[in-house]
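Analysis of the macromolecular model
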Amino acid sequence: MHNTKSILGLGTAAVVTIISKITNIVYRGSNYIDSYVDKTKRINYKNKIELETDGFYSITKADDKPFKILQLTDLHIGGGYLSRHEDMKALAIAKAAIYKTKPDLIVLTGDLACPRAHLSLSRNNLNSYRILTNFLENTGIPYAITFGNHDTEGKAMFERRGLTDYLISRKNSLFTVTKETRAITGYSNYYVKLRNKDGELNSVIYIIDSNEYISKHGRKSYDYIHEDQVQWYQESVEKIAKENGRNVPSHMFFHIPIREYKDAWNSAVNAEEGSKYFYGSRDESISPSKEESKMFETILKLQSTKAIYCGHDHLNDFSVEYKGIRFTYGQSIDCILYSKNLLEHKGATLIKIKKDGTFEIKPKKCR
């Protein structure tokens, strides 16, 4: 009887030890692909980066060539041992796009982490951000990040405030928080100024937080860009216009599409007057919030923002024009969720902005 109790005791202790080790792994994440990230080669970057007096960064071009902005979206880095191969694939796609285009700025439009333990064996979303930003830092290219709905979902260890503090600390991250943006909805609301070689303001890149989820009448749905965010955007556009004596062109990046993406697609494919189809397809439903944002009507009123870009829906990669505004879905890089095996939907989006502010947008497929 004594021996039986001893065996049972040892068995329980072993189980507890195993559970403890697994829990530690889940909350620590994996550093398995660090060696891959460390091999990332630096790109010779000559532009001038400056934190201006308004609390936001500017990039001054070293030459008269067009600004190149590379949009990456929905990488879904798991950051755990189970997702190591998928994480490496996602980074490889991003690396190929960056090396090929050598951008002046990288904009990442959310869902960069995938804190789902059953897929990655990790809930440590900060580890996912550590892996991704270490990779970006090693390229030497400045980057701007906005959050997606998956970045801090469910039982993720870190909330957006924690990820915000981390991003602010990174050398090449242009993520900023000011007194004004701290007071409005969301965490990733800021802008980056693009200046020509002579210092003239070329364009403004607005990074907007489309937030996560909302609950209404007991149902959970996607969040949206709130009125106080729209007001901040309007005040920023008007302030910059006053400082420069003209309405400065701008581009806007967020994660969850606004509802007008549906109208834009339908209008373009039906060849309605004032709309134009450029490229891409809609291979899944457009998934905006059920709540209506005032962002688009404000964009039309101010006539500053010429193009908007989102992520979120991995199988949509179209670019169309609607009411004078270019609507673009970024090329998804998801290698772990529902489009993991669909190579045709992976890549990046390159935006070239010329010295006079005119621009072109092209997909960069992973093929």
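Residues numbered from 1 in each chain as written. Predicted model: local features only at pLDDT ≥ 70, side-chain atom pairs only at ≥ 80, totals over all residues. Heavy atoms only, no water.

This part is about the pattern of salt bridges. Here the structure, examined in full by the defined rule, presents 17 salt bridges. The partner of Lys 61 in a salt bridge is Asp 63, with the nearest N and O atoms 2.8 Å apart. We classify Lys 61 as buried; its relative accessible area is 6%. Taking the relative accessible area as the measure of exposure, Asp 63 reaches 28% and is therefore partly exposed. Among the charged side chains, a salt-bridge network with shared partners connects Glu 52, Asp 54, Lys 193 and Arg 195. (Salt bridge = Lys/Arg side-chain N within 4 Å of Asp/Glu carboxyl O. Buried < 20%, exposed > 50% of the residue type's maximum accessible area, 1.4 Å probe, protein only.)

In this section: the packing of helix 5 (residues 125-139) against helix 6 (residues 160-169). Between helix 5 and helix 6, the shortest axis-to-axis distance is 10 Å and the interhelical angle comes to 20 degrees. As judged from the angle between their axes, helix 5 and helix 6 are roughly parallel. Judged by the twist between their axes, the crossing of helix 5 over helix 6 is right-handed. Judged by residue contacts, Asn 125, Leu 126, Tyr 129, Arg 130, Thr 133 and Asn 134 of helix 5 engage Leu 163, Tyr 166 and Leu 167 from helix 6. (Axes fitted to C-alpha atoms, helices over the stretch in contact; angles between N-to-C directions. Helix = DSSP H or I, 4+ residues; strand = E, 2+ residues; numbered from the N terminus. Parallel < 35°, antiparallel > 145°, perpendicular 65-115°, else oblique. Left-handed = near helix turned anticlockwise from the far one by under 90°. Contact = heavy atoms within 4.5 Å.)

On to the sheet that holds strand 10 (residues 250-253). Strand order in the open sheet formed by nine strands is 1-2-6-7-10-12-14-13-11, and the pairing between neighbours is mixed. At either margin of the open sheet sits one strand with a lone partner, and together these are strand 1 (48-51) and strand 11 (275-279). Averaged over all adjacent pairs, the angle separating strand axes in this sheet is 20 degrees, with direction ignored. Here four bridges tie strand 7 (residues 201-207) to strand 10, and the two strands are oriented parallel to one another. Residue pairing in the sheet places Val 204 in a bridge with Ser 250 of strand 10. Running over the sheet, helix 8 (residues 227-244) touches strand 6 (190-195), strand 7, strand 10 and strand 12 (305-310) and is turned about 170 degrees from strand 7. The strands touched by helix 9 (residues 260-269) are strand 11, strand 12, strand 13 (319-322) and strand 14 (325-329); relative to strand 13, the strand with the most contacts, the crossing angle is about 95 degrees. (Pairing = 2+ DSSP bridges.)

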